Amino acid sequence: MTTATTTWSDEDLSAVRRLKALGRSVEQHFVGRRLALDLLEVAVIAHEHVLLLGPPGTGKTDLVSRFAAGLGGRPFVRLLTRFTEPAELFGPVDVPAFQNGAQYRFRTEGMLPTAQVAFLDEIFQSGSPILNTLLTVMNERVFHNGHDIESVPLITLVGAANSLPQDPSLLAFADRFLLRLTIPPVAGNRLDELLAKGSARGTPAEGDGHSWIEPAALGRLGRQLAHADLSAVTPEYAELVRELLGQGVTLSDRRIIRGQRLVAAAALRAERVRAEPADLWPLEHFWSDPAHATVVRDAVRRRTGGPGEDPDEPARTMQRLVSEARILRRQVDAGSPPAAVERVLRQLNALRLELRRAVPGNREGEGEVARIIDETLKLLDQG
């Protein structure tokens, strides 16, 4: 990371805002998953991997599938067992190539080596051949296919498991997931909300019907992290690491080094070139041992000055809300199906309500959002 003297480009800021708009769109289908979406947004900016821990049936696959659909494509999704064969992830053997040239290759089209986002459920159930190959894919973004080394476009691999493994060899693999989050079942006091949203949403493959941000833009954001100015927060980061190590928290050198990318990604997500202590918030989730999660969380929160569960909300200004409304408006036109227009109208109305809460009495912002809603309403008459 270097000291930057310029600001993010308009193109980068637009990409960040579209990414956050995607997260807000996906959030409407779920209850209590805001933090998971925050981490997914940071992960795709930082090009890091996420491990979701928790019991089955908490909507992890649906959440990741909908989020990935907004990134321009379906994720590569597999449920792994100890009987899963490498071909189920990396592709079948190319028999003609083997017969004609004695080359042992995989046909990777549509498989994990060609995916931009992958979700592997019960990831620690897979065998050594799969885990060894995944290590290379996750670390180096390459796939050894016969005698060739193929580049892998993977932005983020999301793994899921009930808990972290106890096997030391699997713990080394688990360390490749820089971010961890426990996904609990929805609390009983939100049951009515869960039932309402659960019965309204479609299949995971439907996503929200369009792409919010193209992978090329995410690739550019990842490269921009090198220009983030961490000078104001590096001493705080170093002190945090020293404190955690002093309390016996296990942090590998890789985790300590790459944690800086999370801070830079949080700053970019907050539309800042210069990182601030508040941008340390993703580090609450970069622990290795679940027994240390509380210690890490408390140490990070002392520095961020808040609960850190929704760091975006305090910074959501009128300009940002109106900007998201404009982005939503561009998702539909005169030829859009009525269902798509109605969906955007619901999202616009949610933004209007949020604007009223966040900036009470702001006539300029409310007037602009109202105008956008009126324009969108006219599309229903034209349909």
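The structure this text deals with has already been given above.
Scoring rules and cut-offs
Residues numbered from 1 in each chain as written. Predicted model: local features only at pLDDT ≥ 70, side-chain atom pairs only at ≥ 80, totals over all residues. Heavy atoms only, no water. Helix = DSSP H or I, 4+ residues; strand = E, 2+ residues; numbered from the N terminus. Buried < 20%, exposed > 50% of the residue type's maximum accessible area, 1.4 Å probe, protein only. Contact = heavy atoms within 4.5 Å. Pairing = 2+ DSSP bridges. Axes fitted to C-alpha atoms, helices over the stretch in contact; angles between N-to-C directions. Core = buried A, V, L, I, M, F, W, Y, C linked by side-chain atoms within 4.5 Å. Patch = residues over 30% accessible without salt bridge, like charges linked within 9 Å, V, L, I, M, F, W, Y side chains within 5 Å. Areas by Shrake-Rupley, 256 points an atom, 1.4 Å probe, with all protein chains shown as cover. Salt bridge = Lys/Arg side-chain N within 4 Å of Asp/Glu carboxyl O. Expected span 1.5 Å × (residues − 1). Parallel < 35°, antiparallel > 145°, perpendicular 65-115°, else oblique. Nonpolar A, V, L, I, M, F, W, Y, C, P; charged D, E, K, R; others polar. Polar contact = N/O pair within 3.5 Å; in protein donor to acceptor, adjacent residues only side chain to side chain. Phe/Tyr/Trp six-rings, centres within 6.5 Å; stacked < 30°, edge-to-face > 60°.

Student: Where do I start with the environment of threonine 108 in this structure?
Tutor: Considering the arrangement of structural elements, one finds threonine 108 in the loop between helix 5 (95-101) and strand 3 (117-121). Its relative accessible area of 8% is what places threonine 108 among the buried residues. Separated by 18 residues in the primary sequence, threonine 108 and phenylalanine 90 have C-alpha atoms spaced 5.8 Å apart. What threonine 108 contacts, discounting residues up to four positions off in sequence, is Phe90, Pro113, Thr114, Phe143, Asn145 and Glu150.

Student: Looking at this structure, how should I read the sheet that holds strand 2 (residues 76-79)?
Tutor: Whether parallel or antiparallel, the strands of a sheet pair through hydrogen bonds between backbone atoms. Taken together, the 5 strands give an open sheet; going across it, the order is 2-3-6-1-7, and neighbouring strands pair in parallel fashion. Edge positions in the sheet fall to strand 2 and strand 7 (179-182), since each has one partner strand and no second. The mean angle between the axes of side-by-side strands here comes to 15°, regardless of whether they run parallel or antiparallel. For strand 1 (residues 50-53) and strand 6 (residues 156-161), the ladder comprises 4 bridges, and the chain directions are parallel. In the sheet register, valine 50 faces strand 6, and the bridge partner there is valine 158.

Student: So what exactly am I meant to see when it comes to the nonpolar core here?
Tutor: Membership of the largest hydrophobic core comes to 116 residues, with the highest contact counts inside it found for Leu112, Ile123, Leu134 and Leu157. For isoleucine 123, the residues in contact, after removing those within four places along its chain, are Leu51, Leu80, Leu131, Leu134, Leu157, Gly159, Ala160, Phe173 and Phe177.

Student: Explain a nonpolar patch on the surface to me, please; I cannot follow it from the model alone.
Tutor: Judged by side-chain polarity, Leu191, Leu194 and Leu195 come together as a nonpolar surface patch covering roughly 260 Å² of accessible area. Along the chain, leucine 191 turns up in helix 8 (residues 191-200). Residue leucine 191 is classed as partly exposed on the basis of its relative accessible area of 44%.

Student: What's the story with helix 2 (residues 34-46) in this structure? I'm lost.
Tutor: Over its 13 residues, helix 2 extends 18 Å from the first C-alpha to the last, a length consistent with the 18 Å expected when each residue adds 1.5 Å. Along helix 2, 13 of the 13 residues are buried, which leaves the element largely enclosed by surrounding structure. Positive phi appears at histidine 47, one or two residues downstream of helix 2, with a value of about 55°.

Student: What should I look at first to understand the packing of helix 1 (residues 10-27) against helix 13 (residues 318-329) in this one?
Tutor: Two numbers describe a pair of packed helices, the interaxial angle and the distance between the axes. In contact at an axis separation of 10 Å, helix 1 and helix 13 are set at 80° when each is read in the N-to-C sense. Of the possible angle classes, the one that applies to helix 1 and helix 13 is roughly perpendicular. Across from Arg17, Arg18, Lys20, Ala21 and Arg24 in helix 1, the residues of helix 13 making contact are Arg320, Ser323, Glu324 and Ile327. Taken together, the residues that form the contact of helix 1 with helix 13 break down as 2 nonpolar, 1 polar and 6 charged.

Student: So what exactly am I meant to see when it comes to the side chain of arginine 329 here?
Tutor: With respect to the secondary-structure elements, arginine 329 resides in helix 13. A polar contact of 3.5 Å, which involves the side chain of arginine 329, links it to the side chain of glutamate 375.

Student: For this particular structure, what's the right way to read unusual backbone geometry?
Tutor: Excluding glycine, residues mostly have negative phi values, and the peptide bonds linking residues are mostly trans. Backbone geometry at glutamate 122 places phi at a positive 50°, although glycine is not the residue there. Secondary-structure assignment places glutamate 122 in the loop between strand 3 and helix 6 (128-140). In the Ramachandran plot, glutamate 271 falls in the positive-phi region, its phi being about 65° despite a non-glycine side chain. Assessed through its relative accessible area of 17%, glutamate 271 is described here as buried.

Student: Would you explain the pattern of salt bridges in this entry?
Tutor: Where charged atoms from two side chains of opposite charge come close, those side chains can pair. This structure, assessed with the given rule, holds 30 salt bridges. Residue arginine 371 is joined to glutamate 375 by a salt bridge in which the shortest nitrogen-to-oxygen separation is 2.4 Å. Taken together, the residues span about one helical turn, with arginine 371 and glutamate 375 both in helix 15 (residues 363-382) at a distance of 4 residues. Each of Glu27, Arg34, Asp38, Glu41 and Arg269 takes part in a single network of salt bridges with overlapping partners.

Student: Sorry if this is basic, but what is going on with the packing of aromatic side chains here?
Tutor: Scanning all chains against the criterion turns up 4 aromatic pairs. Note on phenylalanine 173 and phenylalanine 177: the rings are 5.8 Å apart at their centroids and 85° apart in plane angle, and the pair reads as edge-to-face. Like phenylalanine 177, phenylalanine 173 is buried. Put simply, the rings of Phe90, Phe106 and Phe143 touch in pairs and so form one group of aromatic residues.

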